[in-house]
Each structure stands twice: as C-alpha cells, then as structure tokens.
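Structure assessment
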Amino acid sequence: MTRNQVELKFPKFGMLIPVAIILIIFIAKSTETIKSGQAGVLYKTFGGGVVTDQPPLGEGFHIVAPWNKVHVYEVRQQELFEKMKVLSSNGLEIQIDASAWYQPVYKDLGNLHQTLGENYLQRVIQPAIRSAARSVVGRYTPEQLYSSKRDAIQDEIFLETKKILEKQYVQLNEVLVRDVTLPPTIKEAIERKLKQEQESLEYEFRLVTAQKEAEKQIIEAKGKADANRILSASLTDKILQDKGIEATNRLANSNNSKVVIIGSGKSGMPIILGNQ
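If you're wondering where the values come from, they're calculated on a predicted model, not measured in any experiment.

Let's shift gears to the sheet that holds strand 7 (residues 93–104). Here we have three strands laid out as an open sheet, ordered 6-7-8, and antiparallel in their pairing. The strands lining the two open edges of the sheet, one partner per strand, are strand 6 (78–87) and strand 8 (170–181). The mean angle between the axes of side-by-side strands here comes to 25°, regardless of whether they run parallel or antiparallel. Direction of pairing for strand 7 relative to strand 8: antiparallel, over a ladder of ten bridges. Looking at the pairing, aspartate 97 lines up with aspartate 179 of strand 8. Its contacts with the sheet place helix 3 (residues 120–137) against strand 6, strand 7 and strand 8, and it is angled at close to 40° to strand 6.

Given below as structure tokens:
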C-alpha cells in the first residue's frame, strides 16, 4: 500500500442497514389490511388490470405484490339522504325528503369497480332515485301526496329505482319517504278541505245515528202496540173472572190485614180493601 492510498474499512454489519430498509419498504408495500365491513378489489398492473373472475379480498391481512394495488370498498349497508324538488300531476312543485338504503353486490365488486368506480353513488344511485321520484310523484295530485298516497309513492319509488339499478352491480334494500312538503298556500287549502270533509262526515254520522234511533223507537212502539192488541183480544170476561178468583185466593192466604168485599156487579170482580 502506497503512502497516498487510504485504506477504507466498514463495519461488517454496515451493508445490512440498507438491505433491511429496502426489505421493510418492500414488505410495507406488499401487504394490505382489509377492515371489518370492507372488501378489496385487486388491480394487477402487469396482469390484466382489475380482477373480476375471483372473489374480492375479504377482511384481514393480505400479501400483495408491490406493483399491484388494492381498492377498498365499504360493503355494509349504507344510507343516502336526498332532498328532491319534483312536480305533481298538476305542475306544482313538491319537495320530497327520502332515504335510500343500499350496498354493492359483494360478488360483483370487481365489475362495479371496473365499470363505475368508487364514486358509483353519484354516478348511478342518485340519478336513479331522482328519476324514479320525478316519475312517480308526477302521477299524483298534491292532495293525494299529502294525505293517502305517501306509502304508495314510497313503494313505487323503490320499485322503479330498483329496476334502474338492476344491472349496475348495486343492491337497493329500501326507500323511505320521510317527508312531503307542499307550498304553504296549497297545504292550507288542503287542510281546510280535509277539515270540511271531516265535519261533513261527522254530521252525516249524527244524522244516520238519529235516524236509526228513531227507527228503533218506532219498531219498539209498534211491538208494544201489537202486544197490547193481542193481549186485549185474548182477555175475555171468563179469563178476567178466573184471574180475579186467583188473586182473591192469594190475598186470602196471605198474612196481611185486608177486607175483601165480593162484588156482585156486572163484572162480579171482588173489591179489596186493606193495609199491610
């Protein structure tokens, strides 16, 4: 070794540090942890892109090549809340507050990612429920929407939205119509009309009740008159005499003080005087 040459010596473990760092980075890039209620779609950079012919990656720890990528999706039921302004059958603006419960179809998660992407909610679900709401509400008048048809429009919006989403790899579980808001003047007019109808129904009910009560009294009076007429026709002089004799015998055998005067008039009935 010459005088100008300097001997460089490294520790034996000096080369291991860069190798360890590279190994840690490689491992970090090669793992993916899927949380509860989620699933992952694998994208192979050098192997055909999005994997659609295999089930998505489930919950837990996964080893993934560092050049590939995993797109994580929420697969539990989620809620979309929408405030929509739609027109009734007569052209009045109605506000509908509705909620939609939805979730991606688990087995088709790869197809969902490939065709719609992670913002599938804005791409298909929101337009579908808005379109269905406009179509359904447009069949009804404000009076129907305010009173008796809320459950009907809820079911119809659900069915129409579900039909639109049928081939979009999204599962629609329920649509709930939480509120129907009418213009104030229309709402007041409907409430007045409903109040008048209710009062009219109450008045008709009272009339019907009174009529039935009158018919009942007529029937009862007729029954009593018929009974009296039958009884009068059956009470002959002979029967009356027999009844009088029976009553006299009962009084004679009782312990009460009395005076019995046997009548000798036309009817021959006894006259009874006495006290208890």
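Further notes follow.
Before going further, it helps to spend a moment on helix 3. Taking 1.5 Å as the rise per residue, helix 3 with 18 residues should run 26 Å; its terminal C-alpha atoms sit 25 Å apart, in good agreement. Restricting attention to buried positions, one finds in helix 3 the residues Tyr120, Leu121, Val124, Ile125, Gln126, Ala128, Ile129, Ala132, Ala133, Val136 and Val137.

To continue, consider the environment of lysine 162. Within the fold, lysine 162 resides in helix 5 (residues 150–164). Once the C-alpha coordinates of lysine 162 and leucine 172 are considered, the two residues, ten residues apart in sequence, prove to be 6.0 Å apart.

Mapping tyrosine 73 onto the fold places it in strand 5 (residues 69–74). Taking relative accessible area as the criterion, tyrosine 73 reaches 4% and is therefore assigned buried. On a C-alpha basis, the gap between tyrosine 73 and glycine 40 in space is 6.1 Å, while along the polypeptide they are 33 residues apart. Contacts of tyrosine 73, omitting those with residues within four sequence positions, involve Gly37, Gln38, Ala39, Val41, Leu109, Leu112, His113, Gly117, Glu118 and Tyr120. Reaching out from tyrosine 73, the side chain makes a polar contact with the backbone nitrogen of glutamate 118 at a distance of 3.3 Å.

This part takes up the side chain of serine 88. Looking at the secondary structure, you find serine 88 in the loop between strand 6 and strand 7. For serine 88, a relative accessible area of 5% translates into the label buried. Side-chain polar atoms of serine 88 contact the side chain of asparagine 90, separated by 2.5 Å.

Let us look at the pattern of salt bridges. Going through the model one piece at a time under the given rule, you end up with seven salt bridges. The shortest N-O distance in the salt bridge between arginine 178 and glutamate 79 comes to 2.9 Å. Remark: glutamate 79 occurs in strand 6 and arginine 178 occurs in strand 8; sequence separation between them is 99 residues.

The next thing to look at is the packing of aromatic side chains. Taken as a whole and assessed by the stated rule, the structure comprises two aromatic pairs. When the ring of tyrosine 102 is compared with that of tyrosine 120, the centres are 6.3 Å apart and the planes differ by 80°; the resulting orientation is edge-to-face. Of this pair, tyrosine 102 sits in strand 7 while tyrosine 120 sits in helix 3, placing them 18 residues apart in sequence. Across the pair, exposure class does not vary: tyrosine 102 and tyrosine 120 are buried alike.

Rules used throughout
Residues numbered from 1 in each chain as written. Predicted model: local features only at pLDDT ≥ 70, side-chain atom pairs only at ≥ 80, totals over all residues. Heavy atoms only, no water. Pairing = 2+ DSSP bridges. Helix = DSSP H or I, 4+ residues; strand = E, 2+ residues; numbered from the N terminus. Axes fitted to C-alpha atoms, helices over the stretch in contact; angles between N-to-C directions. Contact = heavy atoms within 4.5 Å. Expected span 1.5 Å × (residues − 1). Buried < 20%, exposed > 50% of the residue type's maximum accessible area, 1.4 Å probe, protein only. Polar contact = N/O pair within 3.5 Å; in protein donor to acceptor, adjacent residues only side chain to side chain. Salt bridge = Lys/Arg side-chain N within 4 Å of Asp/Glu carboxyl O. Phe/Tyr/Trp six-rings, centres within 6.5 Å; stacked < 30°, edge-to-face > 60°.

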